[in-house]
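The lines below spell out each chain.
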Amino acid sequence: MSISKEDVKYVAALARMDVPEDKLEGFTRNLGDIVHYVEQLQKLDVEHVKPTSHAVPVGNVFRQDVVKASLTHNQALSVAVEAKDGCFKVPLVIE
Amino acid sequence: MSQFETVIGLEVHLQLSTKTKIFCSCANQYGCPPNTNVCPVCLGLPGSLPVLNHQALLYGITAGLALNAQINPFIKFDRKNYYYPDLPKGYQISQYDYPVAKDGFLKIKSGGQEKRIGIKRAHLEEDAGKLVHDNMFGCSLVDYNRTGTPLIEIVTEPDLRSPQEAYDYLNTLKLTLQYLGVSDCDMEKGSLRCDANVSIRPIGQSALGTKTELKNMNSFRAVKMALEYEVRRHEQTITSGGKIFQETLLWNDEKAMTITMRSKEQAHDYRYFPDPDLVPFAIDQSVIEQVRKQLPELPQDKFLRFLSQYGLSEYDANMLVADRGIADFFEAAVKEYPHAKKIANWMAGPVLMELNDRKISINELKITPQGLVALIARVEEGLVSNLAGKDVLTAMLNGGKTADEIIKDKGLAQVSDDSALFEIIDEVIAQNPTVVEQIKSGKPQAAGFLVGQAMKKSGGRANPKKLNELITRRIADV
Ligand SMILES: [Zn+2]
């Protein structure tokens, strides 16, 4: 599988990253190398391997439905870049 | 008659009524000040780890079983990736290929016909936060209290054939889930939300037409209206040679029309993958059976039982079953006073009217089943008239006094005492000699006039049955 400039632009857009035009060439090559490296796995015969979603043999980890203290309002907002009216303030998402 | 067939599928999101959120121990509570029920997990802070709320899974299984679905013996959670400020982690934890339930159905009644609506799947996921857009200051404000609220998304097969069927399905689904107690299904509070997919195809064609997705409907009525609008739009577009494009549309309730979302918001590539922070779950058959045993009687079964056990009319049974609280109240009342039909009349009539007037639920009503039957018994004994009984009910609900106290306080007891009534009757007979003559000459129905007159003189307190009986007797004696 080869990576095109369009692929890089698309992935960058999904990740909300700005890729300047003059860096596009380099990123395309780098990403292509990475994908090519991982592609080695394709050579493995996995016909008899069950699909695996998790690598650790642990399951059924639950929490009981009991309320515990949340963060205080001030603690919560302390991680906000900006706050207003008790809320996290972000750039307007709908014009 | 239209040459097209309508095809509708619905996706309903319901907030589950757990005490805590789905992956953290914050309170799952509506209406708190912004950002007061948040923790590192639901804010997506680095290093925090989600742990599944056992109750949320049990509710998911409960809903799945009530929808006649298969519970997956193995489930897992996946990340649905997208960027939006109401989603602090940059992904929503949802279920992709192993949802909690699949392949079920819900029976609905539509236009007098019973119909099975296929349920494709039901999966658990977390809700997002709430955004308020502040155009004046050019910013959006985010409240993360709702983030991590457990949701179940119930997806139908494209089995619905009209907006009315979609409406009937929603009502049946809501009632079923309310009976289960897994969600309060309150659309106003946003605990029930519905998106719709709609397409049309020429009658007889099996391939589906191009569908559009409708969002932003705030009531079942709005869902129906949006679907009706969209079906008309599809028909007009296609019959005039146009083409329908697959897209997401927002319903605008004020303008009563659908509006295209900007294409930027539609560019979705969710890149689902298993959430490595959440281990998978094996659901044991014994757990499923235990949940199944605890399923309450569902509305359709209750309806049929009310018909056969109490001999109620379909109308009355429907009224009672439409609210589990009312149905329970009714059955508690019948235990106290074994006249089911009379109780049903009172419940479906005056009691329901009071509930609507006061805009409250039966649980908030200041009256017990015992209190209501005490009143009904007084009416049946003839101590108070039916009409006065309704006033007594209103007074009971206002003040919390018993029926007997109110009847006494207001002097509402009917006069059934013969000597008191004869006094009035003799007066009426003396004042209406012509009517008396008519009765004597073989027109007994004229007695009704005298009963009316006597009733007036008694200030409405005479027992009408008794009056009629005594007047007839008196005239025969004369
Ligand atoms: Zn939390």
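Residues numbered from 1 in each chain as written. Chains lettered and ligands numbered in written order. Predicted model: local features only at pLDDT ≥ 70, side-chain atom pairs only at ≥ 80, totals over all residues. Heavy atoms only, no water.

1. Re the sheet that holds strand 11 (residues 150-156) of chain B
Residue and element names in this part refer to chain B. Pairing is mixed across the open sheet formed by nine strands, whose spatial order is 3-7-8-11-1-12-13-14-15. Taken across any chain shown, the strands that pair with only one partner, and hence form the sheet edges, are strand 3 (70-71) and strand 15 (257-260). Relative to strand 7 (residues 101-110), strand 3 runs antiparallel, the two being bridged by two bridges. Within strand 7, the residue paired with Ile 71 across the bridge is Ala 101. (Pairing = 2+ DSSP bridges. Helix = DSSP H or I, 4+ residues; strand = E, 2+ residues; numbered from the N terminus.)

2. A look at the packing of aromatic side chains
Considering all chains together, one arrives at twelve aromatic pairs over all chains under this definition. For the ring pair A:Phe62 and B:Phe281, a centre distance of 5.1 Å and an interplane angle of 35° mean the geometry is tilted. In this pair, A:Phe62 is assigned in strand 1 (residues 62-63) and B:Phe281 in strand 17 (residues 281-282), connecting two distinct chains. A relative accessible area of 1% means that B:Phe281 is categorised as buried. The interplanar angle of 75° and the centroid separation of 6.1 Å between the aromatic rings of B:Tyr270 and B:Tyr272 together place this pair among those described as edge-to-face. (Phe/Tyr/Trp six-rings, centres within 6.5 Å; stacked < 30°, edge-to-face > 60°. Buried < 20%, exposed > 50% of the residue type's maximum accessible area, 1.4 Å probe, protein only.)

3. Some remarks on the sheet that holds strand 9 (residues 130-134) of chain B
Strands sit in the order 2(A)-3(A)-10(B)-9(B) across an open sheet of four strands; the sheet is antiparallel. The strands lining the two open edges of the sheet, one partner per strand, are strand 2 (83-84) of chain A together with strand 9 of chain B. Here strand 2 of chain A pairs with strand 3 (residues 87-91) of chain A via two bridges, running antiparallel. Across the sheet, the residue bridging to A:Ala83 is A:Phe88, located in strand 3 of chain A.

4. What about the coordination of the zinc ion?
Each pair of donors in an ideal four-coordinate tetrahedral metal site encloses 109.5 degrees, whereas pairs in an ideal six-coordinate octahedral site enclose 90 or 180 degrees. All names here are of chain B. For the zinc ion, the full set of protein donor atoms is Cys 24 (SG), Cys 26 (SG), Cys 39 (SG) and Cys 42 (SG), at a range of 2.3 to 2.4 Å. Coordination at the zinc ion is tetrahedral: its four donor atoms span angles of 99 to 117° at the metal. Within one chain, the residues serving as donors to the zinc ion are arranged as C-x1-C-x12-C-x2-C. Residue Cys 26 is found in the loop between strand 1 (4-15) and strand 2 (52-53), and its partner Cys 39 is found in the loop between strand 1 and strand 2; the two are separated by 13 residues along the sequence. (Donors = N, O, S within 2.8 Å, 3.2 Å for Na, K, Ca; no water. Tetrahedral: all angles 85-135°; square planar, octahedral: opposite > 155°, others 65-115°.)

5. A look at the interface of chain A and chain B
Facing the 35 residues of chain A at the interface are 54 residues of chain B. For chain A, the biggest contributors to the area lost against chain B are A:His54, A:Arg63 and A:Asp65; these three give 20% of the whole. Run the count over chain A and chain B and you get one salt bridge. Note that B:Asp134 and A:Lys84 form a salt bridge whose closest N and O atoms lie 3.2 Å from each other. Inspection of the region where chain A meets chain B yields 25 residue pairs in polar contact (both at pLDDT 80 or more). Within the residue set of the side of chain A that touches chain B, elements represented by two or more residues are helix 1 (5-14), strand 1, helix 3 (73-77) and strand 3 of chain A. Among the elements that make up the side of chain A that touches chain B, the one with the highest residue count is strand 3 of chain A (five residues). (Contact = heavy atoms within 4.5 Å. Buried area = accessible area lost by both parts, 1.4 Å probe. Salt bridge = Lys/Arg side-chain N within 4 Å of Asp/Glu carboxyl O. Polar contact = N/O pair within 3.5 Å; in protein donor to acceptor, adjacent residues only side chain to side chain.)

6. Here we look at the pairing of strand 1 of chain B
Residue and element names in this part refer to chain B. Burial of strand 1 is extensive: eleven of the twelve residues sit out of reach of the surface. Pairing of strand 1 with strand 12 (residues 192-202) involves eleven bridges; the strand directions are antiparallel. Looking across to strand 12, one finds that Gly 9 is bridged to Asn 197. Here five bridges tie strand 1 to strand 11, and the two strands are oriented antiparallel to one another. Directly across from His 13, in strand 11, lies its bridge partner Glu 153.

7. Details of the domain arrangement of chain B
All names here are of chain B. Along its sequence, chain B is carved into domain 1 (4-287), domain 2 (299-410) and domain 3 (418-477). One C-alpha centre belongs to domain 1, the other to domain 2; they are set 37 Å apart. Contact residues are listed per partner, giving seven residues for domain 1 and nine residues for domain 2. Summed over both partners, the interface of domain 1 with domain 2 comes to about 640 Å²; 55% of that surface belongs to carbon and sulfur atoms. On the domain 1 side of the interface with domain 2, the three residues burying the most area are Lys 109, Leu 175 and Tyr 179, jointly 77% of the side's total. At the junction of domain 1 and domain 2, the tally comes to zero salt bridges. At the boundary of domain 1 with domain 2, the tally comes to three residue pairs in polar contact (both at pLDDT 80 or more). When contributions to the side of domain 1 that touches domain 2 are tallied by element, the ones reaching two or more residues are strand 7 and helix 2 (163-180). Ranked by residue count, the leading element in the side of domain 1 that touches domain 2 is helix 2, at four residues. Residue composition of the side of domain 1 that touches domain 2, grouped by class: three nonpolar, two polar and two charged. (Domains from an automatic or database assignment. Nonpolar A, V, L, I, M, F, W, Y, C, P; charged D, E, K, R; others polar.)

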